[in-house]
Structure formats: C-alpha cells, structure tokens
Amino acid sequence: MASAVEQFFTVKAKIATAEREAGRKAGAVTLVVVSKTFSAADIRPVIEAGQRVFGENRVQEAQAKWPVLKEDFPDIELHLIGPLQSNKAKEAVALFDVIETVDREKIAAELAKEIARQGRSPKVYVQVNTGSEPQKAGIEPREAVAFVARCRSVHGLAIEGLMCIPPADENPGPHFALLEKLSTKAGVEKLSMGMSGDYETAIAFGATSVRVGSAIFGSR
Ligand SMILES: *Cc1c(COP(=O)(O)O)cnc(C)c1O
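Nothing here was measured: the structure is a model prediction, and the numbers come from that model. (Residues numbered from 1 in each chain as written. Predicted model: local features only at pLDDT ≥ 70, side-chain atom pairs only at ≥ 80, totals over all residues. Heavy atoms only, no water.)

Caption draft 1: Region of interest: the packing of helix α2 (residues 40-48) against helix α3 (residues 59-72). Between α2 and α3, the shortest axis-to-axis distance is 11 Å and the interhelical angle comes to 30°. One way to sum up the angle between α2 and α3 is to call them roughly parallel. The crossing of α2 and α3 is right-handed. For the pair α2 and α3, contact is made by Ala 40, Ile 43, Arg 44 and Ile 47 and by Lys 65, Trp 66, Val 68, Leu 69 and Asp 72, respectively. Within the contact of α2 with α3, the residues separate by chemical class into six nonpolar, no polar and three charged. (Axes fitted to C-alpha atoms, helices over the stretch in contact; angles between N-to-C directions. Helix = DSSP H or I, 4+ residues; strand = E, 2+ residues; numbered from the N terminus. Parallel < 35°, antiparallel > 145°, perpendicular 65-115°, else oblique. Left-handed = near helix turned anticlockwise from the far one by under 90°. Contact = heavy atoms within 4.5 Å. Nonpolar A, V, L, I, M, F, W, Y, C, P; charged D, E, K, R; others polar.)

Caption draft 2: Spotlight on the site of the ligand. Around the ligand lies a shell formed by Val 34, Lys 36, Ile 81, Met 163, Ile 165, Met 195, Ser 196, Arg 211, Val 212, Gly 213, Ser 214 and Arg 220. Between a nitrogen atom of the ligand and a side-chain N or O atom of Arg 211, the distance comes to 2.9 Å. Within the contact set of the ligand, an oxygen atom lies 2.8 Å away from a backbone nitrogen or oxygen of Gly 213. Its free accessible area being 390 Å², the ligand has 90% of it covered by the protein chains. Across the shell around the ligand, the residue classes tally to six nonpolar, three polar and three charged. (Near = heavy atom within 4 Å. Polar contact = N/O pair within 3.5 Å; in protein donor to acceptor, adjacent residues only side chain to side chain. Areas by Shrake-Rupley, 256 points an atom, 1.4 Å probe, with all protein chains shown as cover.)

Caption draft 3: Seen up close, the packing of aromatic side chains. Per the counting criterion, the structure on display carries four aromatic pairs. Taken together, a centroid distance of 4.9 Å and an interplanar angle of 20° make the contact between Phe 38 and Phe 217 stacked. Of the two residues, Phe 38 sits in the loop between β1 (30-34) and α2 while Phe 217 sits in helix α9 (residues 214-217), which places them 179 residues apart along the sequence. You'll find Phe 38 and Phe 217 in the same group, each marked buried. An angle of 45° between the planes, with centres 5.0 Å apart, marks the rings of Phe 54 and Trp 66 as tilted. Of this pair, Phe 54 sits in strand β2 (residues 53-56) while Trp 66 sits in helix α3; the two residues are twelve residues apart in sequence, bridging distant segments of the chain. Side by side, Phe 54 and Trp 66 carry an identical accessibility label, which is buried. (Phe/Tyr/Trp six-rings, centres within 6.5 Å; stacked < 30°, edge-to-face > 60°. Buried < 20%, exposed > 50% of the residue type's maximum accessible area, 1.4 Å probe, protein only.)

Caption draft 4: Region of interest: unusual backbone geometry. Non-glycine residue Thr 37 carries a positive phi angle of around 70°. Mapped onto the elements, Thr 37 comes out in the loop between β1 and α2. You can call Thr 37 exposed: its relative accessible area is 51%. Backbone geometry at Ser 132 places phi at a positive 45°, although glycine is not the residue there. Secondary-structure assignment places Ser 132 in the loop between β5 (123-128) and α6 (141-153). The exposure class of Ser 132 is partly exposed, given its relative accessible area of 38%.

Structural data, given as structure tokens:
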C-alpha cells in the first residue's frame, strides 16, 4: 500500500478536483486529517509534508500524543470530532482548537465555564444527528436551530459550524443537504461533513471541511 504521505497528496488532489467540479473556490475546503488510533510517529511525516489540521475523537488519546507535536509545530490546529463528556471539558478546552461535537445543554454550559476560566477559546461546532440514530451522538435535526440559538444566548458560545456523520448504510447526500439547510437557518458558516468514503460528495453539498482518516493512514 502507498504511504500515508502519498495518500495524503492523493486526497488533497481529489479535494481540489471536487472543488472545481462543484464550482467551489480553490481552497474552499479544509482537509482535517483524522489520526485517531495512529501514533505520533505515524502522524509526524504527514505534518512534515505540510498538513496542519488534524482530528481526534478521544480526549485522552489526544492528550497522550498531541502536546509534544504541538510544541514542535505550533501552528497545528487540532479538532475534537468525537463525543465530549462534561467531565473532560477542561482537558478539551486546554488542548483542542476546534470542538465539533457540542450536542447538549450540559456540554455547552461546561465548555462556556472552561473557556471563561482558562481564557482559551476553541471554535465550537454543534453536532447534528441527521439520521436520528439512537446510538449516535448529536442533537436532533428539528432541535438544532433552537439549540444553536441557546448556545449563543444562554451560554455565550460563538457557534461557528455544524457537523454530522450520516448513517453508514444510507446515501449520504440527503444528510449533507439537510445539514446545509440547517446551517443557513441557524446562521453558521462552517459545515464539517464527509469522511473517507464520501468526502467528494460532501464537497458538492457545500462542506467547508472534510474529515478523512482511513483513506490516508489505512484501515484501523
Ligand atoms: C473516524 C472518524 C472520521 C474518519 O473516518 P474515515 O472513514 O477513516 O475517514 C471522521 N469523522 C469522525 C467523527 C470519526 O470518528
């Protein structure tokens, strides 16, 4: 199999093609390289190839590998893309630059408290459970617009984006379209949607960032 660095350049090229085909501006889409389960030694060559934006889905795993990498490469932007427990809000605010998975009042309140306490302000997105799957995190689509408004008015969080993970066994297009529609209603600019199997589709539906892991690092 090709190396992670080779795959990284392949994905970058495919993103550029998808932007062009969708009539989007070159560079409109940010690649978030998802490095969960891979070690700092696996990740470092991709950073050295020029990548700076990464995603992890567990706070504890990220704490074990990213502080050293961030010290070596201060312009790294780290995204939390997995569920956040309220007892990890402190660690999450300290380490992450974007938290994509706010989906309930308690998390919003804890984040707001930590942001005020630490004087550090990660960007915040709301996760939407577009397929209303019982086992999946995210706010219900019909509650999303009001939840974004409450995050802003009650908790003072500057919500910048929405994020979704469509059901694995469905055509993702309608889910991406739904997230895009909700972002307009909620007045947020960023759309985090699309993974290894469907990032080109997500770009056609307006993704501003795509989260790609296995297409770069191989299967987990
Ligand atoms: C693991 C993960 C990804 C990356 O998935 P791949 O299919 O490996 O690209 C994207 N988003 C979230 C939320 C994830 O947990």
